[in-house]
Amino acid sequence: FSQGGASNDYISRVLLSQSTRMVPDLVIALFTHRSRFEHIDEKGSKCIGAWLLDDYGTKRRPILELAQTHYEIYTDELGFVSTLRNILLLALFCRNLKIQLIASWIEFRECQKSEHGPEVQGLYDVLHDLDALTPFSLFDSDIGVDKAADGAHPGVHSHSCFAHRLFEYYVKRVDGIAFS
């Protein structure tokens, strides 16, 4: 269900809707940057990120205006709370349907900072109690070891390291059952 530039809103919405059509045994989700969002209207959905604030010409004017409007009121705190809500929604959904969940978040390290207010900390505490988030991220220095051709995204070796860590995490979660 991957899509380039997708938001955490998109990730949780698609995983929930698809998991009701065919209930999986396991969901692995990688949540992305908190500043991305999804705009839905009668024409469909659009993934919006700060990269759209660059001038894309008149052809993309409507989506540029959506991005400008969003980022006029956006704060990192709003993005943080929105991401926590999306992860919690998926975690509780999976728990309710007895689906195993392994969720990771690119900005996981931000969760551990104590500078967030009590409203945000309360959401994080619930998430922590659910044990719904891996204690590592694709951007950790021992995982994000190379860059893709664009020079910005994690490369092949980073994704391989991340897949291995996810597998190790999964094995520990199922009480150490080894897979051959």
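The structure under discussion appears in the preceding block.
Residues numbered from 1 in each chain as written. Predicted model: local features only at pLDDT ≥ 70, side-chain atom pairs only at ≥ 80, totals over all residues. Heavy atoms only, no water.

A. Inspection of unusual backbone geometry at higher detail. The backbone of Lys98 sits at a positive phi, close to 60 degrees, despite the residue not being glycine. With respect to the secondary-structure elements, Lys98 resides in the loop between α3 (76–96) and β4 (100–105). We classify Lys98 as exposed; its relative accessible area is 72%. Positive phi outside glycine occurs at Asp131, with the angle close to 50 degrees. Structurally, Asp131 is set in the loop between α5 (118–129) and α6 (156–173). (Helix = DSSP H or I, 4+ residues; strand = E, 2+ residues; numbered from the N terminus. Buried < 20%, exposed > 50% of the residue type's maximum accessible area, 1.4 Å probe, protein only.)

B. Focus on the pairing of strand β2 (residues 37–41). Here β2 pairs with strand β3 (residues 44–48) via five bridges, running antiparallel. Directly across from Ile40, in β3, lies its bridge partner Ser45. In sequence, β2 turns back onto β3 through a hairpin of two residues. (Pairing = 2+ DSSP bridges.)

C. The nonpolar core, seen in detail. The biggest cluster of nonpolar side chains holds 30 residues, and the ones touching the most others in it are Phe31, Leu90, Leu101 and Trp105. Breaking this core down by element, the ones donating at least two residues are α1 (8–21), β1 (26–31), α3, β4 and α5. Per-element accounting of this core gives the leading share, nine residues, to α3. Residues contacting Leu101, with those up to four places away along its chain left out, are Leu26, Val27, Leu90, Ala91, Cys94, Ala132 and Arg173. The next biggest cluster of nonpolar side chains, apart from the first, holds nine residues, and it includes Phe136, Leu138, Ile143 and Val174. (Core = buried A, V, L, I, M, F, W, Y, C linked by side-chain atoms within 4.5 Å. Contact = heavy atoms within 4.5 Å.)

D. Quick look at the packing of α3 against α5. Packing of α3 against α5 brings their axes to within 10 Å, and their N-to-C directions diverge by 25 degrees. As far as their axial angle goes, α5 and α3 are roughly parallel. Every pair of crossing elements has a handedness; the one defined by α3 and α5 is left-handed. Residues Glu77, Phe80, Val81, Leu84, Arg85, Ile87 and Leu88 of α3 form the contact with α5, whose own contacting residues are Val120, Leu123, Tyr124, Val126 and Leu127. For the contact of α3 with α5, the residue count by class is 10 nonpolar, no polar and two charged. (Axes fitted to C-alpha atoms, helices over the stretch in contact; angles between N-to-C directions. Parallel < 35°, antiparallel > 145°, perpendicular 65-115°, else oblique. Left-handed = near helix turned anticlockwise from the far one by under 90°. Nonpolar A, V, L, I, M, F, W, Y, C, P; charged D, E, K, R; others polar.)

E. Fine view of the pattern of salt bridges. Within the structure shown, the criterion is met by five salt bridges. For the salt bridge of Glu107 with Arg34, the shortest nitrogen-to-oxygen distance reads 3.2 Å. Of the two residues, Glu107 is situated in the loop between β4 and α4 (108–111) and Arg34 in the loop between β1 and β2; the sequence distance between them amounts to 73 residues. Neither Glu107 nor Arg34 differs from the other in exposure class; each is buried. (Salt bridge = Lys/Arg side-chain N within 4 Å of Asp/Glu carboxyl O.)

F. α5, seen in detail. The terminal C-alpha atoms of α5 lie 16 Å apart, and with 12 residues this matches the ideal 16 Å at 1.5 Å per residue to within 8%. Looking only at α5, the buried set comprises Val120, Tyr124 and Leu127. Here the buried residues of α5 occupy an arc of 55 degrees about the axis, which is enough to place them on one side. Facing away from the buried surface of α5 by more than 90 degrees, the exposed residues are Pro118, Glu119 and Asp129. A positive phi of about 50 degrees marks Asp131, the residue just after α5. (Expected span 1.5 Å × (residues − 1). Arc of directions from axis to C-beta.)

That is the geometry; function is a separate question.
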